[in-house]
Amino acid sequence: MAAKISFDCSLGEDWAAYYKKTGYRPPRPTLLRALDAFSQEASSEDLLAVDLGCGSGRDTIEILRRGWRVLAIDASKTAFKELFGRHDLPDDALIGTQLARFEEMKLPPCDLVNAGFSLPLCAKESFPAVWAKILKSLRPGGRFSGQFYGNRDSWAVDPELTILTLNEVKTYLASLELEYFEEEEEDSITPRGRSKHWHIFHIVARKKTRA
């Protein structure tokens with residue numbers, strides 16, 4: 001069995017149908033870019049990643065497979081049930097869980113913060129504090145990988161989401177070294193089967209090391 005280290009809070013939501021449709025998709029390219037960059041620098045031994053909005057583990061599993069320790073954070077209890085029920089969860093996985101919204105999460109010092117399509121779910125008025133928490137948690141040389149939604153996304157009208165303009169994204173990333181940045185727009189179908197116009201910023205960025 002995986003070595004589960006608990007950091008549980010008390011908040012959750014049922015996303016079971018979404019997790020079943022997306023959980024076994026390949027890990028996101030932004031995560032793979034970040035992990036590959038680390039592999040060129042040092043051993044994965046003792047490296048810690050935080051996976052924000054881990055869901056049923058499409059990114060978490062890849063991080064564990066590469067020998068990292070992981071703190072998986074999600075606001076849904078179902079996410080952890082699905083994650084620990086996966087047949088591809090490594091037997092020797094060193095994984096902790098924290099059941100919390102981003103506004104309430106507690107982040108340890110870490111080498112990677114991965115947020116695959118999850119940060120837009122943070123309320124915009126809370127996002128500056130959440131982002132500051134992420135930056136503070138990253139060790140020098142640590143990386144952020146993830147996505148932001150742009151202002152031309154069809155969900156931009158939702159006041160509950162964090163939607164950012166290109167200039168806002170650049171401002172939030174100003175203290176980091178950009179290693180990968182792609183702005184994407186396309187029309188497609190969501191995992192829930194709905195038509196959607198996507199405006200997405202794909203990001204891998206590194207925290208500068210001390211002089």
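Relevant structure appears above.
Just so you know, these numbers come straight off a predicted model, no measurement behind them.

Visitor: Quick one: what's the story with the pairing of strand β8 (residues 176–189), residue by residue and with numbers?
Guide: Bridging between β8 and strand β9 (residues 195–207) involves 13 bridges; their strand directions are antiparallel. Note on β9: the bridge partner recorded for E184 is I200. As consecutive antiparallel partners, β8 and β9 are separated by five residues, and within that stretch G193 has a phi angle of approximately 85°, a positive value.

Visitor: Now, about the pattern of salt bridges: what can you tell me, with residues and values included?
Guide: Pairing between side chains of opposite charge can happen when their charged atoms approach one another. In the structure shown here, the tally under the stated rule is 14 salt bridges. Across the salt bridge formed by R143 and E179, the nearest N and O atoms sit 2.6 Å from each other. You can see R143 sitting in strand β6 (residues 138–150) and its partner E179 sitting in strand β8, a full 36 residues away along the chain. E179 gets classed as partly exposed once you look at its relative accessible area, which sits at 38%. Close ionic contact of R152 with E185 constitutes a salt bridge, the shortest N to O distance being 2.7 Å. Placement of the pair is R152 in the loop between β6 and β7 (163–164) and E185 in strand β8, with a sequence separation of 33 residues. Here the salt bridges share partners, and the residues they tie into one network are E41, R143, E177, E179 and R206.

Visitor: I'd like to hear about unusual backbone geometry, residue by residue, with values.
Guide: Its identity is not glycine, yet F117 carries a phi of approximately 60°, on the positive side. Given the relative accessible area of 26%, F117 is considered partly exposed.

Visitor: Go over helix α4 (residues 77–84) with me, naming the residues and quoting the values.
Guide: Listed as buried for α4 are T78, A79, F80 and L83. One side-chain oxygen at the N-terminal end of α4 lies 3.2 Å from the backbone nitrogen of T78; it belongs to S76.

About the thresholds
- Residues numbered from 1 in each chain as written.
- Predicted model: local features only at pLDDT ≥ 70, side-chain atom pairs only at ≥ 80, totals over all residues.
- Heavy atoms only, no water.
- Pairing = 2+ DSSP bridges.
- Helix = DSSP H or I, 4+ residues; strand = E, 2+ residues; numbered from the N terminus.
- Salt bridge = Lys/Arg side-chain N within 4 Å of Asp/Glu carboxyl O.
- Buried < 20%, exposed > 50% of the residue type's maximum accessible area, 1.4 Å probe, protein only.
- Polar contact = N/O pair within 3.5 Å; in protein donor to acceptor, adjacent residues only side chain to side chain.

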